[in-house]
Amino acid sequence: MLQGSPSCVWCQSGSTLRASGFCCVCRKHLQEIPSSSTNVSTSLEWDPGKTSELLSGMGVSALKKDRLGNENTPQDLLVSSPCLPPKRQKVKDNEKDFVIVRRPWLLREAESGISLDALPDELLLAIFAYLPLKDLLKVSMICKRWHRLSFDESLWQTLDLTGGNLLPGVLGQLLPAGVTVFRCPRSCIGDPLFKTSNFLKIQHLDLSNCTVSAADLHSILCLCEKLQNLSLEGLVLSDSIIKSIARNPSLIRLNLCGCSGFSAEALELMLSSCSMLEELNLSWCEFTATHVKAAVNHVTSKITQLNLSGYRENLQIADVKTLVERCPLLVHLDLSDSMMLKPECFQYFKQLVFLQHLCLSRCYQISPAALVELGEIRTLKTLQVFGIVTDSSLQLLEEALPDMKINGSHFTSIARPTVGNKKSHEIWGIKCRLTLRNPSFL
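In this text the structure is predicted, and so the values were computed from the model without any measurement.

1. Here's the deal with the sheet that holds strand β5 (residues 181-183)
Okay, so step 1: With respect to topology, twelve strands assemble into an open sheet ordered β15-β14-β13-β12-β11-β10-β9-β8-β7-β5-β3-β18, the strand pairing being parallel. Both edges of this open sheet fall to β15 (405-406) and β18 (434-435), since each of them pairs with a single strand only.
Okay, so step 2: Note: strand β12 (residues 332-334) against strand β13 (residues 357-359), three bridges, orientation parallel. Residue pairing for β13: Asp-334 is matched across the bridge by Cys-359.

2. Comments concerning the side chain of Glu-233
Okay, so step 1: With respect to the helices and strands, Glu-233 occurs in the loop between β8 (229-231) and α9 (239-245).
Okay, so step 2: Taking the relative accessible area as the measure of exposure, Glu-233 reaches 15% and is therefore buried.
Okay, so step 3: Side-chain polar atoms of Glu-233 contact the side chain of Asn-255, separated by 2.9 Å.
Okay, so step 4: Here Arg-416 takes part through its side chain, which lies 3.2 Å from a polar atom of the side chain of Glu-233.
Okay, so step 5: Apart from residues no more than four positions distant in its own chain, Glu-233 is found in contact with Ser-208, Asn-209, Asn-255, Cys-257, Cys-259 and Arg-416.

3. Overview of the state of the cysteines
Okay, so step 1: Per the stated rule, a full pass over the model turns up zero disulfides.
Okay, so step 2: Of all cysteine sulfurs, the one in Cys-285 lies closest to Cys-257, which takes part in no disulfide; the gap is 6.7 Å.
Okay, so step 3: Given a relative accessible area of 8%, Cys-257 falls into the buried group.

4. A look at the packing of aromatic side chains
Okay, so step 1: Overall, the coordinates contain five aromatic pairs when judged by the stated rule.
Okay, so step 2: Relative to Phe-287, the ring of Phe-262 lies with its centre 5.8 Å away and its plane at 90°, an arrangement referred to as edge-to-face. Of this pair, Phe-262 sits in the loop between β9 (253-255) and α10 (264-273) while Phe-287 is found in the loop between β10 (279-281) and α11 (289-298), placing the two residues 25 residues apart along the sequence. Comparing Phe-262 with Phe-287 shows no difference in burial state: the two are buried.
Okay, so step 3: Chaining the aromatic ring pairs together yields one cluster made of Phe-262, Phe-287 and Tyr-311.

5. Comments concerning the nonpolar core
Okay, so step 1: Core analysis: the largest hydrophobic core is formed by 109 residues, its most contacted members being Trp-156, Phe-182, Leu-232, Phe-349 and Leu-360.
Okay, so step 2: A total of five residues in this core trace back to one element, the largest contributor, which is α10.
Okay, so step 3: Among residues more than four places away in sequence, those in contact with Leu-232 are Leu-207, Ser-208, Leu-217, Leu-221, Leu-237, Ile-245, Asn-255, Leu-256 and Cys-259.

6. Regarding the packing of α11 against helix α12 (residues 317-326)
The description of two helices packed together rests on the angle between their axes and the distance between the axes.
Okay, so step 1: Running from N to C, α11 and α12 point in directions that differ by 25°, and their axes come no closer than 8 Å. Put simply, α11 runs roughly parallel to α12. Contacts from Val-292, Lys-293, Val-296, Asn-297 and His-298 in α11 reach Asp-319, Thr-322, Leu-323 and Arg-326 in α12.

Conventions adopted
Each chain carries its own residue numbering, running from 1 in the written order of its sequence. Since the coordinates come from a predicted model, pLDDT governs what is reported: local features require at least 70, and pairs of side-chain atoms require 80 or more to be given and counted, while whole-chain, interface and lining totals use all residues. Calculated side-chain values reflect all of the structure's heavy atoms, with hydrogen atoms and water omitted. Pairing between strands requires that DSSP locate at least two bridges from one strand to the other. Numbered from the N terminus, helices here are DSSP runs of H or I no shorter than four residues, and strands are runs of E no shorter than two. Working definition: with a 1.4 Å probe on protein chains only, accessible area under 20% of the residue-type maximum means buried, over 50% means exposed, and in between means partly exposed. In protein, a polar contact requires one atom able to donate a hydrogen and another able to accept it; more generally it is a pair of N or O atoms within 3.5 Å, and residues adjacent in sequence count only if both atoms are side-chain atoms. Throughout, a residue-residue contact means that at least one pair of heavy atoms, one from each residue, lies within 4.5 Å. Working definition: a disulfide is two cysteine sulfur atoms within 2.5 Å of each other. To pair, rings of Phe, Tyr and Trp, with the six-membered ring standing in for Trp, must have centres within 6.5 Å; the planes then decide the type, stacked if under 30 degrees apart, edge-to-face if over 60, and tilted in the middle. Definition of nonpolar core: a set of buried residues of the types Ala, Val, Leu, Ile, Met, Phe, Trp, Tyr and Cys, connected through side-chain atoms within 4.5 Å. Each axis is a line fitted through C-alpha atoms, taken for helices only over the stretch in contact, and angles between the N-to-C directions span 0 to 180 degrees. Working definition: roughly parallel below 35 degrees, roughly antiparallel above 145 degrees, roughly perpendicular at 65 to 115 degrees, and oblique for all remaining angles.

Next up, the structure:
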């Protein structure tokens, strides 16, 4: 370097300088570097306004966008004031011909790779996998790239929105993101407003005791063809909903406890189509005798757990005979609150060689003394007969049936998604990662 010639800010060479403090070569190179605010991916349509609507529908406050329009640059690198000119360091008197110029601090930090823009997609996805639901929705507003990554299918496998107030359009944006496990009981569900007619990937779905119209429920179920577990407990259904359920041949567990609004013909179609069912809960539905006969005549022979409680005069002994002949693999059978059952139906129970759990609570035509006959079923482990036996007769019955646990539980768990602790965020043994921890904010 020649004495008295200032050096380039970037390469420290003594080449001819421009007014900016850079030599011709470095200045051209810097002009070719893309701006840090340029999005990595432009293939995904990104509308911050619509994303804000989704967040508000979920009860999530949006991030404030900085005035510089930066995307993922850390805050300590954002300088609102203009960059100061390069500082010149003082030198000794006998070296006055030399000038030392430091590189701007912002450029030095950019060289070190601190910007999150430089991270590959795989690493950002690994980071996003640790974010809770609300934070994941917030980062989706940062930029187009982060929006695309935050809705990657790998992050949305399991979703729990229990007790939420889901505004119209929320489910229409979340469920197509690749959700396979969706837990949403006791929620208020608005119109999903799906923007696509593609089938969803949901395999495990719990909408028990939700506030949702039959039309909106149908708009969800008509896009489901891969369901393995489904719970719609306490909902008003329709024939179109039952026919949508029938299009899920891989269905293993179905809970329709307390449901209403569908015909016996639709029930017959569904049971005939869902031939892989192992657990079925049809208790306390608004069934007529025709519905009950459709159930016992068309339920699959592969069923192992069945709840047909609550049918009082509509379930006859002849129906029990038909059911036993059709379903020889039954392990757990609940026929509680069936007023027409008598001890003569015990002969049919004895034909079930795999029967372990039997519920006959409040079947008042069965006397406590007659229950001793059930001791002949060697496989039977538990017997629920609430309302039939008094405390004193219960003790005598326990002495007569010492190998059987009597009146150990008031409720059966057949096909129900959650048993015991409702705060476990689990359905059918599957834990949900993305959860709505404070549904009161929705």
